[in-house]
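# Topology and contacts: notes
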Amino acid sequence: MYRQNDRPARPPTVLQYRTRLFRPWSILVALLVLGVGIVSLGGLRATRIVCARSGDEAGACNFRRYALVRSLDLTLSPNEIRSFAVEARRTSKGASYAEVSLVTTTSTYGTVDLESGTWGHVTPERAHDVAARFRAFQEHRTSTMDEWLTTGSMSAAMMMLMTLLMFGLGGVMLREQLAQRRSIRVVVDHEREVVLVRKREIPFAEIDDVTVELGRAHFWSSRKNEHVTGHRLVIVTRFGDDVPVTREFRAGERGPHDGARRALLRALGRAPS
């Protein structure tokens, strides 16, 4: 024969609150940094030039630029190209680079930009070499051509490093700001006698105390020499494995955390100190 427990089930106690110092400019800065990373990634490009002819025919040349922005896919007859122009230039710091363009004989295309600008530039030596090979094809001294105009190795390495840095910094700044806007949630399951925090279950018997910890908030998105005070609720266990309710410190006043601490202690059947 079974005895039914007549004690009514006590529903879980859900503590949920928000505490944040909203800084919309930080989100804008994070998006701007990510935008710089996208621009840097857009500087990585490569242009393939493929020309072929059979016999005495003029043949055709395909110019295809692979890039995140300003891609190109153009097919022309060598007779439609007046010149394969290469202009050697120097940056303000003295580094040399080449600007490459096609001057066509058609009003449809005019001058076609193949490579330009100091960001992601092609070396003059490589540009002149490709231009010489194109002229050889155009003058029927060769019947095929397959060449690449690519960013110099040092320039490509610097752009990739810049891209990774900007994506990394912008990503952590944006994540930090979005995390500040999430609500803080603690569930006290009275039937099972556990506290649920960030998918972790902490038995009542292991909880020694609940405290409010002081630390720095907005670490990645602070202004220069700025220290933003933050707080977070921490469940102190008897075995020294303390459990922060949030990974990050939340900017703003201490009051909401103190209120949540008292409410959590009461839910555990303990008198707040």
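### With respect to the overall build of the protein
- Helix and strand counts for the protein come out as four helices and 15 strands.
- Over its C-alpha trace the protein gives a radius of gyration of 32 Å, far above what one expects of a compact globule, namely 19 Å for 273 residues.
- In the protein, which comprises 273 residues, the proportion classed as buried is 41%.
- Taking all contacts inside the protein whose residues are at least 6 apart in sequence as the whole, residues at least 24 apart take part in 60%.
- Carbon together with sulfur atoms contributes 54% to the accessible area of the protein, which is approximately 15,900 Å² in total.
- Within the protein, one finds 40 positive and 29 negative side-chain charges whose respective centroids are separated by 6 Å.

### Concerning the sheet that holds strand 8 (residues 144-150)
- Spatial strand order, 4-3-2-8: four strands in an open sheet with antiparallel pairing. Pairing within the sheet leaves two strands with one partner each, and these edge strands are strand 4 (72-76) and strand 8. Mean inter-strand twist for the sheet, computed between neighbouring axes without regard to direction, equals 10°.
- Sheet analysis places strand 2 (residues 45-52) next to strand 3 (residues 60-67), joined by eight bridges and oriented antiparallel.

### Some thoughts on the pairing of strand 8
- Burial of strand 8 is one-sided: the residues Met145, Glu147 and Leu149 facing one way are buried, the residues Thr144, Asp146, Trp148 and Thr150 facing the other way are not.
- Pairing geometry for strand 2 and strand 8, over seven bridges, is antiparallel. Bridge assignment links Ile49 to a residue of strand 8, and that residue is Glu147.

### Considering the side chain of Glu115
- With respect to the secondary-structure elements, Glu115 resides in strand 7 (residues 111-115).
- On the basis of relative accessibility, which here comes to 2%, the residue Glu115 falls in the buried class.
- A distance of 2.7 Å separates a polar atom in the side chain of Glu115 from a polar atom in the side chain of Arg45.

### Describing helix 4 (residues 255-267)
- Under the 1.5 Å per step criterion, the end-to-end length of helix 4 is 18 Å for 13 residues, consistent within 8% with the ideal 18 Å.
- Restricting attention to buried positions, one finds in helix 4 the residues His257, Ala260, Arg261, Ala263, Leu264, Leu265 and Ala267.
- Those residues of helix 4 hidden inside the fold are in contact with strand 1 (13-17), strand 9 (184-189), strand 12 (207-217), strand 13 (228-237) and strand 15 (250-251).
- The positive-phi residue at the C-terminal boundary of helix 4 is Gly269, with phi of around 80°.

### Thoughts on unusual backbone geometry
- Of note in this structure, His218 is not a glycine but carries a positive phi near 55°.
- Position of His218 relative to the elements: it lies in the loop between strand 12 and strand 13.

### A look at a nonpolar patch on the surface
- A cluster of nonpolar side chains, contributed by Ile38, Leu68, Val69 and Phe167, occupies part of the molecular surface with about 350 Å² of accessible area.
- Note on placement: Leu68 falls in the loop between strand 3 and strand 4.

Thresholds, definitions, all that
- Residues numbered from 1 in each chain as written.
- Predicted model: local features only at pLDDT ≥ 70, side-chain atom pairs only at ≥ 80, totals over all residues.
- Heavy atoms only, no water.
- Helix = DSSP H or I, 4+ residues; strand = E, 2+ residues; numbered from the N terminus.
- Rg over C-alpha atoms; globule rule 2.2 N^0.38 Å.
- Buried < 20%, exposed > 50% of the residue type's maximum accessible area, 1.4 Å probe, protein only.
- Contact = heavy atoms within 4.5 Å.
- Areas by Shrake-Rupley, 256 points an atom, 1.4 Å probe, with all protein chains shown as cover.
- Lys, Arg positive; Asp, Glu negative; His and termini not counted.
- Charge placed at Lys NZ, Arg CZ, Asp CG, Glu CD.
- Pairing = 2+ DSSP bridges.
- Axes fitted to C-alpha atoms, helices over the stretch in contact; angles between N-to-C directions.
- Polar contact = N/O pair within 3.5 Å; in protein donor to acceptor, adjacent residues only side chain to side chain.
- Expected span 1.5 Å × (residues − 1).
- Patch = residues over 30% accessible without salt bridge, like charges linked within 9 Å, V, L, I, M, F, W, Y side chains within 5 Å.
- Salt bridge = Lys/Arg side-chain N within 4 Å of Asp/Glu carboxyl O.

Everything listed here is a matter of coordinates, which is why it stays silent on function.
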